[in-house]
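Structural overview
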Amino acid sequence: MSHFFNSLGSFWFPLCPSNLLEKNTVLSFKILGRSLVVWANANGMIGALDDRCSHRSAALSKGRVHIDGLLSCPYHGWRFDPRGECLVRPQLTDQSTSNVCKVPSYETTVHYGYVWLKLVRKSNAYIPNFPESADPKIRQIQGFHEVWNCSAYRLIENGLDNYHHHFVHSDLLETLSPIPSPVQGGIEESEDGFCFSSILKLRKNKNLSNALGHDDTIYTVKRTVRWLAPFGISLELDWSNGLWQRIVQYAIP
């Protein structure tokens with residue numbers, strides 16, 4: 001279990017949209033079997049700690065954020081900063097805190113409007129680069145952030161499946177192209193996974209015309225699927241009418 005945690009915990013995960021941490025919100029998450037509490041202090045620094053007070057093991061996610069940005073335990077009022085340091089003990093104001101009062105903390109950053117978290121600090125993992133994020137002509141749309149009752153591996157497998165859209169999404173994608181076998185063009189390995197491409201010809205329908213804002217008889221789209229190890233997928237869609245899209249999806253186990 002320790003090896004499993006260290007291997008996957010060394011990667012960055014997009015934990016949640018950063019705007020969920022406005023107005024002194026305290027959130028709780030479970031990732032790789034570890035319960036975490038997450039909040040932002042007055043300076044925008046994001047804290048991610050084990051959701052367990054070092055005093056009597058109460059859930060810190062049941063506490064609140066004070067005007068000084070510290071998170072207080074709901075049981076005895078101990079206050080912690082984003083580094084997990086206990087800075088206030090109301091019962092022992094005349095004594096300095098010791099290192100045993102500290103709660104394990106984790107590295108966080110904000111990128112693409114999401115809070116990213118890494119459980120293992122000593123790793124060389126990096127956040128994938130999507131260069132279009134700096135392009136003012138590209139519009140970013142925040143998708144869904146929700147719980148799926150399935151394995152993270154199953155979700156990623158579905159995203160890499162090059163065949164299911166011929167059947168599952170037939171109400172939107174009426175395919176004219178034959179089912180590819182094997183993956184057309186082969187698989188290209190990359191530093192953080194691999195990618196492959198395929199071209200689909202699609203019959204015009206009302207749903208697709210409305211979605212694309214175009215009224216062609218037949219649409220052609222080049223799909224480039226990129227696996228972002230271990231639990232991320234990027235899908236680029238290059239449409240024949242000039243529209244370009246990237247859909248990014250992450251599973252947080």
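A brief structural summary. (Residues numbered from 1 in each chain as written. Predicted model: local features only at pLDDT ≥ 70, side-chain atom pairs only at ≥ 80, totals over all residues. Heavy atoms only, no water.)

**Some thoughts on the sheet that holds strand β7 (residues 79-80)**
If you trace the 4 strands from one edge of the open sheet to the other, you get β5-β6-β7-β8, paired in antiparallel fashion. Every interior strand has two partners, whereas the edge strands, β5 (64-65) and β8 (86-88), have only one. Relative to β7, strand β6 (residues 71-72) runs antiparallel, the two sharing 2 bridges. For Leu-71, the partnering residue across the bridge sits in β7 and is Phe-80. (Pairing = 2+ DSSP bridges. Helix = DSSP H or I, 4+ residues; strand = E, 2+ residues; numbered from the N terminus.)

**Overview of the side chain of Asp-192**
Within the secondary structure, Asp-192 is located in the loop between β12 (188-190) and β13 (193-203). Polar contacts involving the side chain of Asp-192 include one to the side chain of Arg-226, which spans 2.7 Å. Residues in contact with Asp-192, not counting those within four places in the same chain, are Tyr-126, Arg-226, Trp-227, Leu-228 and Ala-229. (Polar contact = N/O pair within 3.5 Å; in protein donor to acceptor, adjacent residues only side chain to side chain. Contact = heavy atoms within 4.5 Å.)

**A word on the pattern of salt bridges**
Throughout the structure, instances matching the rule amount to 9 salt bridges. A salt bridge links Glu-157 to Arg-154; its shortest N-O distance comes to 3.2 Å. Of this pair, Glu-157 and Arg-154 both sit in helix α2 (residues 152-160), 3 residues apart, which is roughly one turn of the helix. For Arg-154, a relative accessible area of 54% translates into the label exposed. Connected through shared salt-bridge partners, Glu-132, Glu-236 and Arg-246 make up one network. (Salt bridge = Lys/Arg side-chain N within 4 Å of Asp/Glu carboxyl O. Buried < 20%, exposed > 50% of the residue type's maximum accessible area, 1.4 Å probe, protein only.)

**Let's talk about the nonpolar core**
Grouped together as the largest cluster of nonpolar side chains are 36 residues, with contacts concentrated most on Leu-117, Leu-202 and Trp-239. With 4 residues, the top contributor of residues to this core is strand β15 (residues 232-239). Filtering out sequence-adjacent residues up to four positions away, Leu-117 remains in contact with Phe-11, Trp-12, Phe-13, Leu-15, Ile-31, Leu-36, Ala-48, Tyr-106, Glu-107 and Thr-108. Among the nonpolar cores identified, the runner-up in size contains 15 residues, and Ala-58, Leu-60, Cys-73 and Val-103 belong to it. (Core = buried A, V, L, I, M, F, W, Y, C linked by side-chain atoms within 4.5 Å.)

**Here's the deal with the packing of aromatic side chains**
Geometrically, a pair of aromatic rings is defined through the distance of the ring centres and the angle of the planes. Taken as a whole, this structure holds 7 aromatic pairs when the rule is applied. Considering the side-chain rings of Tyr-112 and Trp-116, the 6.5 Å spacing of their centres and the 65° angle between planes classify their relative orientation as edge-to-face. Ring centres of Tyr-112 and Phe-130 lie 5.3 Å apart, and the angle between their planes is 45°; this geometry places the pair in the tilted category. Placement of the pair is Tyr-112 in the loop between β9 (107-111) and β10 (114-118) and Phe-130 in the loop between β10 and α2, with a sequence separation of 18 residues. A residue is classified by how much of its surface remains accessible, and Tyr-112, at 17% relative accessible area, is buried. Classification of Phe-130 as buried rests on a relative accessible area of 6%. Put simply, the rings of Tyr-112, Trp-116, Phe-130 and Tyr-250 touch in pairs and so form one group of aromatic residues. Note that Arg-89 overlies the ring of Trp-78, its terminal NZ or CZ placed 5.5 Å from the centroid. (Phe/Tyr/Trp six-rings, centres within 6.5 Å; stacked < 30°, edge-to-face > 60°. Lys NZ or Arg CZ within 6 Å of the ring centre and 35° of its normal.)

**Re the sheet that holds β10**
With antiparallel pairing, 3 strands are arranged side by side in an open sheet as β1-β10-β9. If you trace the sheet from one side to the other, it starts and ends with β1 (12-17) and β9, each paired once. Adjacent strand axes in the sheet meet at a mean angle of 30° when their direction is disregarded. The pairing of β9 with β10 spans 5 bridges and is antiparallel. Paired with Thr-108 across the bridge in β10 is Leu-117. (Axes fitted to C-alpha atoms, helices over the stretch in contact; angles between N-to-C directions.)

**Things to note about a nonpolar patch on the surface**
Taken together, the side chains of Tyr-163, Phe-167, Val-168 and Ile-179 define a hydrophobic patch exposed on the protein surface, amounting to about 400 Å² of accessible area. Along the chain, Ile-179 turns up in the loop between β11 (174-175) and β12. (Patch = residues over 30% accessible without salt bridge, like charges linked within 9 Å, V, L, I, M, F, W, Y side chains within 5 Å. Areas by Shrake-Rupley, 256 points an atom, 1.4 Å probe, with all protein chains shown as cover.)

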